[in-house]
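# Examining the three-dimensional arrangement
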Amino acid sequence: MAGNEHEVNRSAKSGRFVKESTAKRQPETTTTETVGGGEDRGDREVNRSAKTGKFVTDTTADLHSSTTETQKL
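Structural notes, computed from the coordinates. (Residues numbered from 1 in each chain as written. Predicted model: local features only at pLDDT ≥ 70, side-chain atom pairs only at ≥ 80, totals over all residues. Heavy atoms only, no water.)

### Some remarks on the environment of threonine 70
Here is the rule we go by: Only DSSP runs of H or I with at least four residues qualify as helices, and only runs of E with at least two residues qualify as strands; both kinds are numbered from the N terminus onward. Contact between two residues is taken to exist if any of their heavy atoms lie within 4.5 Å; hydrogens are not considered. By the criterion applied in these results, polar contacts are pairs of N or O atoms within 3.5 Å in which, for protein atoms, one can donate a hydrogen and the other can accept it, and in which residues neighboring in sequence qualify only through two side-chain atoms.
Its location among the elements puts threonine 70 in strand E6 (residues 68–72). For threonine 70 and asparagine 47, which are 23 residues apart along the polypeptide, the C-alpha to C-alpha distance reads 4.4 Å. In contact with threonine 70, not counting residues within four places along its chain, are Glu45, Val46 and Asn47. Reaching out from threonine 70, the side chain makes a polar contact with the side chain of asparagine 47 at a distance of 2.9 Å.

### Structural notes on the packing of aromatic side chains
Here is the rule: Centres within 6.5 Å make a pair out of two Phe, Tyr or Trp rings, where for Trp the six-membered ring is used; the pair is then stacked when the planes are under 30 degrees apart, edge-to-face when over 60, and tilted otherwise. Two limits define a charge over a ring: the Lys NZ or Arg CZ must be within 6 Å of the ring centre, and within 35 degrees of the ring normal.
Tallying each qualifying case throughout the model produces 0 aromatic pairs. In this arrangement the basic side chain of arginine 10 is found over the ring face of phenylalanine 17, its NZ or CZ atom lying 4.1 Å from the centre. A cation over a ring is seen here: arginine 48 above phenylalanine 55, with NZ or CZ 4.1 Å from the ring centre.

### Brief notes about the sheet that holds E6
Put simply, the rule reads: At least two bridges found by DSSP between two strands is the condition for calling them paired.
Across the sheet, 3 strands lie side by side as E5-E4-E6; this open sheet has antiparallel pairing. Since the sheet does not close on itself, it has two edges, and those belong to strand E5 (55–56) and E6, each with one partner. Judged from the 2 bridges that link them, strand E4 (residues 45–49) and E5 form a sheet pairing that is antiparallel. Looking at E5, one finds that arginine 48 is bridged to phenylalanine 55.

### As for the sheet that holds strand E1 (residues 6–11)
With respect to topology, 3 strands assemble into an open sheet ordered E2-E1-E3, the strand pairing being antiparallel. The open sheet has two edge strands, strand E2 (17–18) and strand E3 (30–35), and neither has a second partner. As judged from the 2 bridges shared by E1 and E2, these two strands associate in the antiparallel manner. Across the sheet, asparagine 9 pairs through a bridge with valine 18, a residue of E2.

### Structural notes on the pattern of salt bridges
Formally: For this document, the term salt bridge refers to a Lys or Arg side-chain nitrogen within 4 Å of an Asp or Glu carboxyl oxygen. Three labels apply to residues, based on accessible area from a 1.4 Å probe with only protein chains included: buried if under 20% of the type maximum, exposed if over 50%, partly exposed otherwise in between.
As enumerated under the stated definition, the model contains 2 salt bridges in all. Arginine 10 is the salt-bridge partner of glutamate 33, the closest N and O atoms lying 3.0 Å from each other. With glutamate 33 in strand E3 and arginine 10 in strand E1, the pair connects residues that are 23 residues apart, well separated along the chain. Under the relative-accessibility criterion, glutamate 33 is labelled partly exposed at 22%. Glutamate 20 is the partner of lysine 24 in a salt bridge, and the nearest nitrogen-oxygen pair spans 3.6 Å. Taken together, the residues lysine 24 and glutamate 20, both in helix H1 (residues 20–25) and 4 residues apart, mark about one turn of the helix. Taken as a pair, lysine 24 and glutamate 20 share a single burial class, namely exposed.

Written out as structure tokens, the structure reads:
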């Protein structure tokens, strides 16, 4: 992975972010996604709630930065 790319783990059932230790214990119910990326590749940014896994607006991400994850797709 290059630049600011990193992996996040998400529950396949709820869509919520989970810790790496949870993903290792329960690989059948979690998915690992690579997020980050570069402007040079034309990636676009999306924001997700860390609690629900749902997409949120830029305004919501700004207001609740500690509970949102910005991903480049």
